[in-house]
Amino acid sequence: IEGLQRVAVQNVQVNDIYVTPTMDYAGLVVRVAPNPLPGKPPVITIRHDSSSQGCVADNDFGSHFHVRGTFYR
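Computed from a predicted model, the values in this text were never measured in an experiment.

Student: Could you clarify how one ought to interpret the environment of valine 14 in this entry?
Tutor: In this structure, valine 14 sits in the loop between strand S1 (6-7) and strand S2 (17-19). Sequence spacing of valine 14 and valine 67 is 53 residues, and the spatial spacing of their C-alpha atoms is 17 Å. Look past the residues within four positions of valine 14 in its chain and what remains in contact with it is Val29, Val30, Arg31 and Val32.

As structure tokens, this is what we get:
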């Protein structure tokens, strides 16, 4: 992520990079959709290599990553 700029959750776009709070794990934003709940951040899908799922997985930032981490562009 060196040389990239932080992006606020409400400004995330496809192809942004997601990094966990401990900065030891990363993924790629593959989908961003408006949240049906007013005032809530967008629904963000992150593609990452998941050893626990045994595959390259697409998971929701809200439920899988518990809305924790940072985005970069």
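The discussion continues.
Student: Would you mind going over unusual backbone geometry with me for this structure?
Tutor: Backbone geometry at asparagine 15 places phi at a positive 80°, although glycine is not the residue there. One can find asparagine 15 in the loop between S1 and S2. For asparagine 15, a relative accessible area of 55% translates into the label exposed. Although it is not a glycine, methionine 23 sits at a positive phi angle of roughly 60°. Mapped onto the secondary structure, methionine 23 falls in the loop between S2 and strand S3 (26-33). Judged by relative accessible area, which is 53%, methionine 23 ranks as exposed.

Student: Is there a simple way to explain the packing of aromatic side chains in this structure?
Tutor: Inspection of the entire model under this criterion finds 4 aromatic pairs. Where tyrosine 18 meets phenylalanine 65, the ring centres are 4.7 Å apart and the plane angle is 55°; that geometry is what we call tilted. One end of the pair, tyrosine 18, is in strand S2; the other, phenylalanine 65, is in the loop between strand S5 (55-60) and strand S6 (70-72), and 47 residues separate them in sequence. Summarising the burial analysis for this pair, tyrosine 18 and phenylalanine 65 share the class buried. Centre to centre, the rings of tyrosine 18 and phenylalanine 71 are 5.5 Å apart; their planes meet at 50°, and the pair counts as tilted. With tyrosine 18 in strand S2 and phenylalanine 71 in strand S6, the pair connects residues that are 53 residues apart, well separated along the chain. For the pair tyrosine 18 and phenylalanine 71, one class covers both residues: buried. An aromatic cluster of three or more residues is present, and its members are Tyr18, Phe61, Phe65 and Phe71.

Each value, and the rule that gives it
- Residues numbered from 1 in each chain as written.
- Predicted model: local features only at pLDDT ≥ 70, side-chain atom pairs only at ≥ 80, totals over all residues.
- Heavy atoms only, no water.
- Helix = DSSP H or I, 4+ residues; strand = E, 2+ residues; numbered from the N terminus.
- Contact = heavy atoms within 4.5 Å.
- Buried < 20%, exposed > 50% of the residue type's maximum accessible area, 1.4 Å probe, protein only.
- Phe/Tyr/Trp six-rings, centres within 6.5 Å; stacked < 30°, edge-to-face > 60°.

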